[in-house]
Amino acid sequence: MLGIGVVASILGIAAGLLIDWFPVAASEEAKPIDTLWDVLIIASVPVFVGVSVVVLFSVVKFRMRPGEEELDGPPIHGNTKLEVVWTAIPAILLVGLCTYAFIVLTDVEKAQANTMEVRVVGEQFAWTFFYPGEDGKEISATELHLPIDRPVKFTLQAKDVLHDFWIPAFRMKKDAVPGINVTYRVTPNRLGEYPIVCAELCGLGHATMRATAVVQTEADFASWLEEAAKPPAPPAGGGGGDNGKGLFTSNGCGGCHTLADAGTNATVGPNLDEVLAGKDEAFIKTSIEDPSAEIANGYSDTMPKDYGQRLGADGVDALAKYLSEVTKEG
Ligand code: HEC
Ligand SMILES: [Cu+2]
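Here is what the cut-offs are and how they apply
- Residues numbered from 1 in each chain as written.
- Chains lettered and ligands numbered in written order.
- Predicted model: local features only at pLDDT ≥ 70, side-chain atom pairs only at ≥ 80, totals over all residues.
- Heavy atoms only, no water.
- Near = heavy atom within 4 Å.
- Polar contact = N/O pair within 3.5 Å; in protein donor to acceptor, adjacent residues only side chain to side chain.
- 1 Å grid on protein atoms, 1.4 Å probe; cavity = no way out; pocket = protein on both sides within 12 Å on 5 of 7 lines; lining within 4 Å.
- Sits in = over half its atoms within 2 Å of the grid points.
- Helix = DSSP H or I, 4+ residues; strand = E, 2+ residues; numbered from the N terminus.
- Buried < 20%, exposed > 50% of the residue type's maximum accessible area, 1.4 Å probe, protein only.
- Pairing = 2+ DSSP bridges.
- pLDDT = per-residue confidence, 0-100.
- Contact = heavy atoms within 4.5 Å.
- Axes fitted to C-alpha atoms, helices over the stretch in contact; angles between N-to-C directions.
- Salt bridge = Lys/Arg side-chain N within 4 Å of Asp/Glu carboxyl O.
- UniProt positions renumbered as here; feature names shortened; annotations may be inferred.
- Patch = residues over 30% accessible without salt bridge, like charges linked within 9 Å, V, L, I, M, F, W, Y side chains within 5 Å.
- Areas by Shrake-Rupley, 256 points an atom, 1.4 Å probe, with all protein chains shown as cover.

Caption draft 1: Spotlight on the site of ligand 1. Taken together, 26 residues sit near ligand 1, with C253, C256, H257, A296 and M303 positioned nearest. H257 places a polar side-chain atom, nitrogen or oxygen, 2.8 Å from a nitrogen atom of ligand 1. Between ligand 1 and A296 there is a distance of 3.0 Å, counted from an oxygen atom to a backbone nitrogen or oxygen. More than half of the atoms belonging to ligand 1 lie within 2 Å of the grid points that define the largest pocket. Of all the elements in the fold, those that place two or more residues in the shell around ligand 1 are α6 (272–275), α7 (281–289) and α8 (307–326).

Spelled out as structure tokens, the structure:
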């Protein structure tokens, strides 16, 4: 048993360490976190293998043979030494690993000088990012841009239900919870574009709740931010530009609907290019404010009901106008 256990553990650990589980590492935090992962693999594979080997061995060796149906094993009393050992080993392992994980976590969450703050707002089914701008006005964007090697502190918020802000390349990940601010820190250290995903099931469009993180040089970031600061601030509660397309993409419509002009191709709700051709603004307005009033054929009543409230009358008007214009041709 010991021989099998040792060989299986070595194979398991080798496989665990050789397989490239994670995407490319693009933050300072990734290194200690990946090392933590490797240590956990090394510690847990022998435990798993040890338990499996004993179970399999016992199943084979002590199985019931024909004629033994009525037999019972001998009455056994506790074995104090054995019990002390099997309580002490897991306890030491757990306390050790928890201490190590705690140290890594406090280390990567340490506050650092020159930290940039970004407010991240999740809603069904889109992310919006807010940067502090001049005179207290925030600059909003639907793509996350970050300067390389500068620490960032994200403040996560949710407008409707639980979401989870995750950039796998940075390794860190936390839930965005309605009503409270959740924060975490990372320092991006590799140029490039990395996917952002929602990692908390948040509704039908969950899988489409994606965005991109762009890590760029300090200079590129500065000019991007200057550009992003230009359009007027979004209407309260709307999130997004005051143009129809901005409203469409920043309110998660694209998570459920196909609309060529906005470059979305989801199929949870009707294809708007098709169903809105020839429909007037009033119809579209009603469809947004009161989706249950008339349910499109073959679809269920799953469109969120609070867009009227979230977007405000002006927002709905702008969105309806935009949709009627871009779907005219069919
Ligand atoms: C969770 C998925 C989901 C989201 C998000 C969503 N919709 Fe819908 N939408 C649907 C479904 C499903 C229907 C069909 C059922 C119905 O008519 O209510 C629909 C219907 C519609 C219709 C009516 C189509 C017709 O032929 O009657 C319009 C217009 C529309 N949506 C626009 C929007 C806009 C604009 C947004 C963003 C502000 C949006 N939707 C967000 C799922 C969604
Ligand atoms: Cu989500």
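That shown, we press on.
Caption draft 2: Just the pairing of strand β10 (residues 210–216), in detail. Here β10 lies mainly inside the structure; 5 of its 7 residues are buried. Both strand β4 (residues 144–147) and β10 contribute to a ladder of 4 bridges, which runs parallel. Residue pairing in the sheet places L144 in a bridge with A213 of β10. Bridge count between strand β9 (residues 192–198) and β10: 6 bridges; the pairing is antiparallel. Pairing of E193 across the sheet is with V214, part of β10.

Caption draft 3: Spotlight on the confidence of the model for the chain. For the chain, per-residue confidence averages 89 on the pLDDT scale, and residues scoring 70 or more make up 96% of the total. For the chain, the element scoring lowest by mean pLDDT is helix α5 (residues 244–250), at 86; strand β6 (residues 163–166) scores highest, at 97. Every residue in residues 236–241 is under pLDDT 50, and counting partners more than four places away or in other chains gives 19 contacts.

Caption draft 4: Structural detail: the sheet that holds strand β7 (residues 173–176). Reading across the sheet, the 5 strands line up as β4-β10-β9-β6-β7 and stay open at both edges, with mixed pairing between neighbours. The strands lining the two open edges of the sheet, one partner per strand, are β4 and β7. With direction set aside, neighbouring strand axes in the sheet form an average angle of 25°. Sheet topology note: the β6/β9 ladder contains 2 bridges and is antiparallel. Note on β9: the bridge partner recorded for W166 is V197. Set on the sheet, helix α4 (residues 218–228) makes contact with β4 and β10; between it and β4 the angle comes to about 140°.

Caption draft 5: Seen up close, the pattern of salt bridges. On inspection of all chains with the given rule, the structure shows 12 salt bridges. Each of E123, K159, D160, D306 and R310 takes part in salt bridges that share partners, so that together they form one network.

Caption draft 6: Highlighting the UniProt feature "domain: Cytochrome oxidase subunit II copper A binding" (unreviewed entry) in the chain. The feature "domain: Cytochrome oxidase subunit II copper A binding" (unreviewed entry), as given by UniProt, occupies residues 113–227 in the numbering adopted here. With 9% helix and 50% strand, residues 113–227 has end C-alpha atoms that lie 26 Å from one another.

Caption draft 7: Spatial organisation of a nonpolar patch on the surface. Taken together, V47, V51, V55, V59, V60, V85, I89 and L93 make up a surface patch of nonpolar side chains, about 660 Å² in accessible area. Every element with two or more residues in the nonpolar patch is listed here: α2 (30–61) and α3 (80–108). If one sorts the elements of the nonpolar patch by residue count, α2 sits on top with 5 residues. Take V60: it is sitting in helix α2.

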